[in-house]
Amino acid sequence: MTKLAKRSWAEPFKIKVVEPLRMTSREERERALVEAGYNTFLLKSKDVYIDLLTDSGTNAMSDYQWAGMMLGDEAYAGSENFYHLEENVQKYYGYKYLVPTHQGRGAEHLISSILIKDGDFVPGNMYFTTTRLHQELAGGTFVDVIIDEAHDPQSLHPFKGNIDLNKLEALINKVGAKKIPYVTVAATVNMAGGQPISIANLREVRELTKKHGIRVVLDATRAVENAWFIKQREKGYEKKTIAEILFEMCSFTDAATMSGKKDLLVNIGGFLALNDYDIFEEARNLVVVYEGLHTYGGLAGRDMEAMARGIEEAVQEEHIKARIGQVEYVGERLMSIGIPIVQPSGGHAIFLDARRFLPQIKQTEFPAQTLAAELYAESGVRSMERGIVSAGRNKETGDHNYPKLELVRLTFPRRVYTQAHCDVVTEAVEAVYDRREEIRGMETEYEPKYLRFFQMRFKKL
Ligand SMILES: *Cc1c(COP(=O)(O)O)cnc(C)c1O
């Protein structure tokens, strides 16, 4: 009898359509890796067995969503599906105005270019790649104001996504509120390992920023997952529904950017939601330039319908319980065999701690990138680097940014893999761990200018 087999998160669905998986040989995978420059982003999907690269747009849609796709109203303007989406954003997230975008970064682009002026500062609870880049392209400088515990993979703080109010206040005092157009609050914090922010912290951030007339923009991409953690961990929220908690979270903010490809269970889509009419007006104007008319924002009617329905399904308790339960299940199994991971396990992913996994590899020789490549070679499981490669280069000096964390992210697509797949993943990580001492680092072969982790190439040392 094993104590590990927790069944409580069993998938709250049965399978109606299946997509066969392709197995590969070790030899085929070694060849694929060389072709991909040891970057898992450059592997072909057909060469991947279990794909834990990302949970972005990799969701399995429900029959209810697929049925909605058939009701796509593909009018250029004023599509029915836009109004359904708008209604659900208002109902579940509580913002007044909606501007659909093709995905999250489309919304980030709009809000950054509207609110940020050259020389501004944008504080946030740890950076996210596309969010920070859009802030920088608009002339701003991102400032990390997350609590220190977020950078410590072994800290068991229940809300490692919290903002450090002292850091935020110090920035306001240093540069002045006029130079801070808004604070970005991510919930959960992807780069910290899918760690949540508490309601108490959101409330305090709201109070402090209100005093100084600074806006708060929520990165709501994973806010439903965040709501689940609040329900589990924050006093007074045990009995509230996920929908109630989500609504309350949003109430402390002025606007939200959303990648529907995560929480909202679709393959493509996003939006910007706002309470301020003047900013909405500008965003509605600008979206026409970059995405499409303000009632479709780069999406087909059917995509908006699938996302509108995804909003309803995302907050269902059984869904989110199983979603995060699956991630926790893998985390517990890995910890039980001594694999170093970021604790507590996050909402969407398990993060292997590559610094402790491969202590012999220097940060400039890409420990996490190396580990992701080794895991693929071992098993066909695709993961991704979240370390020095993802952190990019310093805008001023041109040197690498050196993040404290060197992580490999095993990200779980929603409603896609079963518990048996989870077991295979655990065994694959264990097999790499058993031969960890033989593993050597890598050097750069090619580096692109923006968001280098997507296309960078490496060579084995
Ligand atoms: C994915 C993601 C984004 C960007 O959204 P895209 O749809 O990929 O453009 C922004 N913030 C967070 C937290 C994300 O996970």
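Source: prediction; values computed, not measured.

Participant: I would appreciate a short explanation of the overall build of the protein chain in the present structure.
Facilitator: Counting secondary structure elements, the protein chain contains 16 helices and 14 strands. Computed over the C-alpha atoms, the radius of gyration of the protein chain is 21 Å, within 12% of the 23 Å expected from 2.2 N^0.38 for a compact globule of 461 residues. Residue burial in the protein chain is summarised as follows: out of 461 residues, 59% are buried. In the protein chain, once contacts between residues fewer than 6 apart in sequence are set aside, the share between residues at least 24 apart is 73%. Roughly 19100 Å² of accessible area belongs to the protein chain as shown, and the carbon and sulfur atoms make up 51% of that amount. Side chains of the protein chain give 59 positive and 65 negative charges; the mean places of these two sets differ by 2 Å.

Participant: Would you explain the site of the ligand in this entry?
Facilitator: Of all residues adjacent to the ligand, which total 13 residues, the nearest are Gly-104, Arg-105, Asp-219, Ser-259 and Lys-262. When the free accessible area of the ligand is taken as 380 Å², the share hidden by the protein chains comes to 96%. If one sorts the elements of the shell around the ligand by residue count, helix H4 (residues 104–115) sits on top with 3 residues. Residues that form the shell around the ligand fall into these classes: 1 nonpolar, 6 polar and 6 charged.

Participant: Sorry if this is basic, but what is going on with the nonpolar core here?
Facilitator: A general trend in soluble globular proteins is that nonpolar side chains are found buried together. With 60 residues, the main nonpolar core has Tyr-93, Val-185, Met-249 and Phe-271 as its most contacted residues. With near-sequence residues (within four places) excluded, Tyr-93 lies in contact with Asn-88, Ala-220, Val-224, Leu-246, Phe-247, Cys-250, Met-258, Leu-264 and Ile-311. By size, the runner-up hydrophobic cluster in this structure holds 31 residues, among which are Ile-50, Ile-350, Ala-428 and Tyr-433.

Participant: Can you walk me through helix H1 (residues 26–35) in this structure?
Facilitator: For an α-helix, 3.6 residues make a turn, and residues three or four places apart therefore share a direction. For H1, the full list of buried residues reads Arg-29, Ala-32 and Leu-33. End-on view of H1: buried residues confined to an arc of 100 degrees, all on one side of the axis. Of the residues in H1, the exposed ones pointing more than 90 degrees away from the buried face are Glu-27, Val-34 and Glu-35. Following H1 by one or two positions, Gly-37 adopts a phi angle in the positive range, close to 60 degrees.

Participant: Where do I start with the domain arrangement of the protein chain in this structure?
Facilitator: Often the size quoted for an interface is simply the accessible area lost on bringing the parts together. When the domains of the protein chain are assigned, the result is domain 1 (26–55 + 317–460) and domain 2 (63–314). Listed per partner, the contact involves 35 residues of domain 1 and 41 residues of domain 2. The junction of domain 1 with domain 2 conceals about 2900 Å² of combined surface from both sides, 56% of it contributed by carbon and sulfur atoms. When the shortest N-O distance is used, the salt bridge between Glu-313 and Arg-415 registers 3.0 Å. Between domain 1 and domain 2 we count 16 residue pairs in polar contact (both at pLDDT 80 or more) in total. Mapped by element, the contributors of at least two residues to the side of domain 1 that touches domain 2 are helix H12 (317–336), strand S9 (349–353), helix H15 (388–391) and strand S12 (407–411). The dominant element in the side of domain 1 that touches domain 2, judged by the number of residues it contributes, is H12, at 7 residues. For the side of domain 1 that touches domain 2, the residue count by class is 14 nonpolar, 8 polar and 13 charged.

Participant: I tried to follow a nonpolar patch on the surface on my own but got confused; where do I start?
Facilitator: Together, Phe-13, Ile-15 and Val-18 make up an exposed nonpolar region whose accessible area comes to about 300 Å². Within the secondary structure, Val-18 is located in the segment before H1. When its relative accessible area of 66% is taken as the criterion, Val-18 is described as exposed.

Participant: I would appreciate a short explanation of the packing of aromatic side chains in the present structure.
Facilitator: Two descriptors summarise a pair of aromatic rings, namely the distance from one centre to the other and the angle between the planes of the rings. The full count for this structure, using the stated rule, is 11 aromatic pairs. Ring geometry for Tyr-93 versus Phe-271: centroids 6.1 Å apart, planes at 75 degrees, classification edge-to-face. Of this pair, Tyr-93 sits in helix H3 (residues 80–93) while Phe-271 sits in strand S8 (residues 270–274), and the two are 178 residues apart along the sequence. The buried category is assigned to Tyr-93, whose relative accessible area is 2%. Aromatic pair Tyr-97 and Tyr-277: ring centres 5.5 Å apart, planes at 75 degrees, arrangement edge-to-face. Here the residue Tyr-97 occupies a position in strand S2 (residues 97–101), and Tyr-277 occupies one in helix H10 (residues 277–290), the gap between them amounting to 180 residues. Overall, Tyr-97 belongs to the partly exposed group, its relative accessible area being 22%.

Participant: Can you walk me through the packing of H4 against H10 in this structure?
Facilitator: One way to put it is that H4 packs onto H10 with a least axis distance of 10 Å and a crossing angle of 125 degrees. Relative to H10, the element H4 lies oblique. In the packing of H4 onto H10, the handedness of the crossing is right-handed. Of the residues in H10, those in contact with His-109, Leu-110, Ile-111, Ser-113, Ile-114 and Leu-115 of H4 are Ile-279, Glu-282, Ala-283, Leu-286, Val-287 and Tyr-290. In terms of residue class, the contact of H4 with H10 is made up of 9 nonpolar, 2 polar and 1 charged.

Participant: Honestly, the environment of Lys-91 in this entry has me stumped. Any pointers?
Facilitator: Relative to the assigned elements, Lys-91 resides in helix H3. Judged by relative accessible area, Lys-91 falls into the exposed class, the value being 53%. Along the backbone, Lys-91 and Ile-311 are 220 residues apart, and their C-alpha atoms lie at a distance of 9.8 Å.

Participant: Is there a simple way to explain the pairing of strand S4 (residues 141–144) in this structure?
Facilitator: A regular strand places its side chains so that they alternate between the two faces of the sheet. Bridge count between strand S3 (residues 121–124) and S4: 4 bridges; the pairing is parallel. Opposite Phe-121, over in S4, you have Thr-141 as the bridge partner. For the crossover that starts at S3, traverses helix H5 (residues 129–137) and ends in the parallel S4, the hand is right-handed.

About the cut-offs
- Residues numbered from 1 in each chain as written.
- Predicted model: local features only at pLDDT ≥ 70, side-chain atom pairs only at ≥ 80, totals over all residues.
- Heavy atoms only, no water.
- Helix = DSSP H or I, 4+ residues; strand = E, 2+ residues; numbered from the N terminus.
- Rg over C-alpha atoms; globule rule 2.2 N^0.38 Å.
- Buried < 20%, exposed > 50% of the residue type's maximum accessible area, 1.4 Å probe, protein only.
- Contact = heavy atoms within 4.5 Å.
- Areas by Shrake-Rupley, 256 points an atom, 1.4 Å probe, with all protein chains shown as cover.
- Lys, Arg positive; Asp, Glu negative; His and termini not counted.
- Charge placed at Lys NZ, Arg CZ, Asp CG, Glu CD.
- Near = heavy atom within 4 Å.
- Nonpolar A, V, L, I, M, F, W, Y, C, P; charged D, E, K, R; others polar.
- Core = buried A, V, L, I, M, F, W, Y, C linked by side-chain atoms within 4.5 Å.
- Arc of directions from axis to C-beta.
- Domains from an automatic or database assignment.
- Buried area = accessible area lost by both parts, 1.4 Å probe.
- Salt bridge = Lys/Arg side-chain N within 4 Å of Asp/Glu carboxyl O.
- Polar contact = N/O pair within 3.5 Å; in protein donor to acceptor, adjacent residues only side chain to side chain.
- Patch = residues over 30% accessible without salt bridge, like charges linked within 9 Å, V, L, I, M, F, W, Y side chains within 5 Å.
- Phe/Tyr/Trp six-rings, centres within 6.5 Å; stacked < 30°, edge-to-face > 60°.
- Axes fitted to C-alpha atoms, helices over the stretch in contact; angles between N-to-C directions.
- Parallel < 35°, antiparallel > 145°, perpendicular 65-115°, else oblique.
- Left-handed = near helix turned anticlockwise from the far one by under 90°.
- Pairing = 2+ DSSP bridges.
- Right-handed = clockwise from strand over helix to strand, strands pointing away.

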